[in-house]
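Now for the letters of each chain:
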Amino acid sequence: METYLRSLALAGYRSYDDDLEQNRVELKDINIIIGANGAGKSNLISFLEMISFMMTRGLRNYTARQGGAQSLLYFGAERTEQIQGELQIHDAGGEKEDTYSFILERSATDQLYFAREFVGYQDSWHPKPYERDLGGGYFEAELSGARDVTLRTLRDYLERLRVFHFNDTSMNARIRSTTNISDASYLRSDGGNLAAFLYQMRERQESFPYYERIVRHIRMVLPQFYDFVLEPDGMGYLSLNWKQEGAEEVFGPHQFSDGALRFVALTTLLLQPTKTAPMTIILDEPEIGLHPYAISLLAKEIRMASKTSQIIVSTQSPLLLDEFSCGDIIVAEYDAVRQRSVLRRHKEADLQEWLQEYTLGELWKKNVLGGLPL
């Protein structure tokens, strides 16, 4: 991986209190976040999603969709004045460390505005870090409109911190709808252009082996599945049609079960060509609706994808957890006394005796790892 998140710190956001250093977590190639309902897993994921919105001048839109600034501040504006964030990004291509930090405050109209925005980077060719204060007093990120090459590179990376949600598989969901054949430069976060993305992968010689690998993995979970039937109509639109093994009938996307369609989208995301793969892939409870065997295969796909992309996954599944190592795990717990979410990692040496007899999933269920309701 050339670029990845080295660490993330947040404060004043939803269930995370105002102690920025306490709420700092180091990130690795694979990061599996576990915890009880309400422990802060999804809040951590949504914080990264907010940053992605910020890079496309979408903070006001994001805030409005979440119910206003009051709903995003830790225990509301009466208790918390600011949301803080700090991301450290490692750029191996340029052998440098970038930093993006910000402070958001609530306006009189229940919007969030930037009280401070700051960038910095350090590379091997300069003894001192470059620092730049982008100012404050505005409603959209100054970095989102940056023209400087270094700042644009940082913005582009942060913009791609998209959270992939394939949970909406209703009959009217975009993932089951027709899509424009030209909408295929990257897989959208809701899978709405899945058919076009697979079509372009199949049609290009350099990406066809990836398409074949995706089909093989889908067959492992859906033995009746033979291949996709991706044929554009006269207007340049196509649907996610498919065929069964040994049958002539063509089935439509509405004939995939919810779990099957999610697995198709997840497999496409994780096994896509290196050229199009996101630098960071963020998934919130991807195991929903999947068979235990599909969860096991999903874990293998996550490990395969981690060779080129950083992976951040929140999960409620002990089966998924079993497929990873102690060093991959981040535990989110809610401290009921101090009324805040806490993030921590375990050292494998501390669990060595336990791991000789139990899997990580079993240790989670026994509450050895923490992250269960008290």
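Residues numbered from 1 in each chain as written. Predicted model: local features only at pLDDT ≥ 70, side-chain atom pairs only at ≥ 80, totals over all residues. Heavy atoms only, no water.

A.B. asks: Pulling in residues and values, what's your account of the sheet that holds strand β3 (residues 30-34)?
C.D. replies: Across the sheet, six strands lie side by side as β8-β14-β15-β3-β16-β17; this open sheet has mixed pairing. One side of each edge strand has no neighbouring strand; the edge strands of this open sheet are β8 (163-164) and β17 (340-344). Inspection of the sheet shows strand β14 (residues 280-284) paired to strand β15 (residues 310-315) by five bridges, in the parallel sense. Each residue of the ladder has a partner; that of I281, found in β15, is I311. (Pairing = 2+ DSSP bridges. Helix = DSSP H or I, 4+ residues; strand = E, 2+ residues; numbered from the N terminus.)

A.B. asks: Provide a residue-level description of the sheet that holds strand β13 (residues 250-251), including the pertinent values.
C.D. replies: Across the sheet, which stays open at both edges, the three strands sit in the order β10-β12-β13 with antiparallel pairing between neighbours. Bordering the open sheet on either side are β10 (225-229) and β13, each of which pairs with just one other strand. Inspection of the sheet shows β10 paired to strand β12 (residues 241-244) by four bridges, in the antiparallel sense. Within β12, the residue paired with V229 across the bridge is N241.

A.B. asks: I'd love a proper account of the pairing of strand β16 (residues 329-335), names of residues and values included.
C.D. replies: Relative to β16, β3 runs parallel, the two being bridged by three bridges. Each residue of the ladder has a partner; that of I33, found in β16, is I330. Where β16 and β17 come together, five bridges link them in antiparallel fashion. Bridge pairing links D335 to R340 in β17. Turn length for the β16-β17 hairpin, with the two strands adjacent in sequence and antiparallel, is four residues, and the turn residue Q339 shows positive phi of about 55°.

A.B. asks: Go over helix α4 (residues 149-159) with me, naming the residues and quoting the values.
C.D. replies: All buried positions along α4 are accounted for by L151, L154, R155, Y157 and L158. All buried residues of α4 fall inside an arc of 160° around its axis, so they share one side. Between the side-chain oxygen of the N-cap and the backbone nitrogen of T150 there are 2.9 Å, and the N-cap of α4 in question is D148. (Buried < 20%, exposed > 50% of the residue type's maximum accessible area, 1.4 Å probe, protein only. Arc of directions from axis to C-beta. Polar contact = N/O pair within 3.5 Å; in protein donor to acceptor, adjacent residues only side chain to side chain.)

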